[in-house]
Amino acid sequence: MDNLILALGWAGLYGPMALGAIGSMIGCSLAGQAAAGALLETETGHGRYIGISAMPSSQSIYGIVVMFALNRELNIDNAAGLAAIGLLCGLALMFSAIYQGRSCASAINVSKIRPEIFGMSLAPAAIVEGFAVFAFIFALVISAGVPA
Amino acid sequence: MTYYTLVTALPHLPPLPQCKELPISRIALDRRLSMLSDADRQQLQQAERLYHQGDVSLQSLPDQTLVRDWQQQLQQLESPLIRERIQLKLEWQTLLAALRYRQQGRIGPEHFSGFGRWTGQIRRHWHEPLFGLDTALPFLAELQPLLLKGHSGELEQQLNAWLWKDLLFIERSVQFTLDTVICFVLRWGLTEKHLKSDAVQALEAFQHLTSQLLNTPAITQHIESAFEDLS
């Protein structure tokens, strides 16, 4: 049983980084595919489409920071806490990156038709980013309570 | 499979009344649709065939055989959403056919066969102006006067504009799927038909004008003298 708890503790340590990276891969891929299609259809503004498609990569960075904040000597007293914070934060980052990718793809699709709404079309993606920041900040705050 | 690249590679189709030319040719569209898998392309072709009824060989078949053929082809479509859109189009086609048959007095209700949920209602209420569908389909009331006046071109344009909006609504509600692509291609087909019908009208007007001009004595004289100079 102790070994299982310790294994979960390790998963909690690496979880934010791994799950955040998985989410970023999927999100960037979705937005990137949309950007590639928009390149065919537009004459200008290619740089900004590629720029938007990189938006979901921030979740990986948040994951790395949370991983370092949780990093400590693992023992039976702190493993469960680390697992709970790390895995839940990782899941939040992963889903936010995937859905941010979808929002970015929609933004690319509409701003291709009407370039003047480019900024406004990014609002949903920015809101999703906000939720990722919540998960990130509060993971840092709560990690201070986990015994070293 | 995801369709993100293909959907964003499709151009914007302006609403039918504002569309003066196709934003993408069929050749260029087909080149972009080559991103689809073979199975997806089959689904698309099947949907297009049913929606636009381009198969001339089928037009000579009796109505019942046609309806059976449509039903069989519809079964091969995997997407319930696209099936519903095509059913709606075929139902409207049935309604317009009933209005035309009745106006021409070619057949009675007992011999009428059509597609979809309104066929029984049409037979039962054959002698009512709008087959008792007034409340269910208020748009039908807008179309009937056009048919009575014989403005079949305008009637088709109005119906196409309505179907175009219906497809756009579906396209926007299911972003980045095969249904999005199919709805776009069906809308492209409606736009092409709309522009072609406009071109036919323009050609007719041009021919009328040229025949009028050619019958003008001064112009005829001028042409004759030009031919004499040439010879």
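Given the structure is predicted, the values throughout are model-derived calculations rather than measurements.

How each quantity is defined
- Residues numbered from 1 in each chain as written.
- Chains lettered and ligands numbered in written order.
- Predicted model: local features only at pLDDT ≥ 70, side-chain atom pairs only at ≥ 80, totals over all residues.
- Heavy atoms only, no water.
- UniProt positions renumbered as here; feature names shortened; annotations may be inferred.
- Helix = DSSP H or I, 4+ residues; strand = E, 2+ residues; numbered from the N terminus.
- Buried < 20%, exposed > 50% of the residue type's maximum accessible area, 1.4 Å probe, protein only.
- Phe/Tyr/Trp six-rings, centres within 6.5 Å; stacked < 30°, edge-to-face > 60°.
- Axes fitted to C-alpha atoms, helices over the stretch in contact; angles between N-to-C directions.
- Parallel < 35°, antiparallel > 145°, perpendicular 65-115°, else oblique.
- Left-handed = near helix turned anticlockwise from the far one by under 90°.
- Contact = heavy atoms within 4.5 Å.
- Nonpolar A, V, L, I, M, F, W, Y, C, P; charged D, E, K, R; others polar.
- Polar contact = N/O pair within 3.5 Å; in protein donor to acceptor, adjacent residues only side chain to side chain.

## Things to note about the UniProt feature "transmembrane region" (unreviewed entry) in chain A
Residues and elements named next belong to chain A.
Thinking step 1. Look at the UniProt record and you will see "transmembrane region" (unreviewed entry) annotated at residues 47-70, 82-101 and 121-146.
Thinking step 2. Along residues 47-70 one finds 83% helix and 0% strand; the C-alpha atoms at either end are 37 Å apart.
Thinking step 3. Helix makes up 100% of residues 82-101 and strand 0%, whereas the separation of the span's terminal C-alpha atoms amounts to 28 Å.

## What about unusual backbone geometry?
All names here are of chain B.
Thinking step 1. The phi torsion at Phe131 lies on the positive side, around 55°, for a residue other than glycine.
Thinking step 2. Relative to the elements of secondary structure, Phe131 occurs in the loop between helix 7 (119-124) and helix 8 (138-148).
Thinking step 3. For Phe176, which is not a glycine, the phi torsion comes out positive at approximately 60°.
Thinking step 4. Tracing the chain through its elements places Phe176 in the loop between helix 9 (152-173) and helix 10 (178-214).
Thinking step 5. Since its relative accessible area comes to 8%, Phe176 is described here as buried.

## Considering the packing of aromatic side chains
Residue and element names in this part refer to chain B.
Thinking step 1. For the coordinates displayed, the defined rule picks out 11 aromatic pairs over all chains.
Thinking step 2. Both rings, one in Trp70 and one in Phe115, keep their centres 6.0 Å apart while their planes meet at 70°; by these two values the pair is edge-to-face. Separated by 45 residues along the polypeptide, Trp70 in helix 5 (residues 63-75) and Phe115 in the loop between helix 6 (80-104) and helix 7 bring together distant segments of the chain.
Thinking step 3. Here Phe115 falls in the buried class, since its relative accessible area comes to 5%.
Thinking step 4. Where Trp92 meets Phe139, the ring centres are 5.7 Å apart and the plane angle is 70°; that geometry is what we call edge-to-face. With a gap of 47 residues between them, Trp92 in helix 6 and Phe139 in helix 8 connect regions that are remote in the sequence. Phe139 carries the same exposure label as Trp92, and that label is buried.
Thinking step 5. These aromatic residues form a ring-pair network of at least three members: Trp92, Trp118, Phe139 and Trp162.

## Considerations on the packing of helix 3 (residues 38-52) of chain B against helix 5 of chain B
All names here are of chain B.
Thinking step 1. Look at helix 3 against helix 5: their axes get within 10 Å of each other, and the N-to-C directions meet at 155°. As judged from the angle between their axes, helix 3 and helix 5 are roughly antiparallel. Judged by the sense of rotation from one axis to the other, the crossing of helix 3 with helix 5 is left-handed. Within the contact between the two elements, helix 3 uses Gln46, Arg49 and Leu50 and helix 5 uses Trp70, Gln73 and Leu74.
Thinking step 2. Residue composition of the contact of helix 3 with helix 5, grouped by class: three nonpolar, two polar and one charged.

## What to know about the side chain of B:Gln46
All names here are of chain B.
Thinking step 1. With respect to the helices, strands and loops of the structure, Gln46 is situated in helix 3.
Thinking step 2. For Gln46, the side chain forms a polar contact with the main-chain oxygen of Gln73, separated by 3.2 Å.
Thinking step 3. Not counting chain neighbours up to four residues away, the residues in contact with Gln46 comprise Gln73, Gln76 and Leu77.

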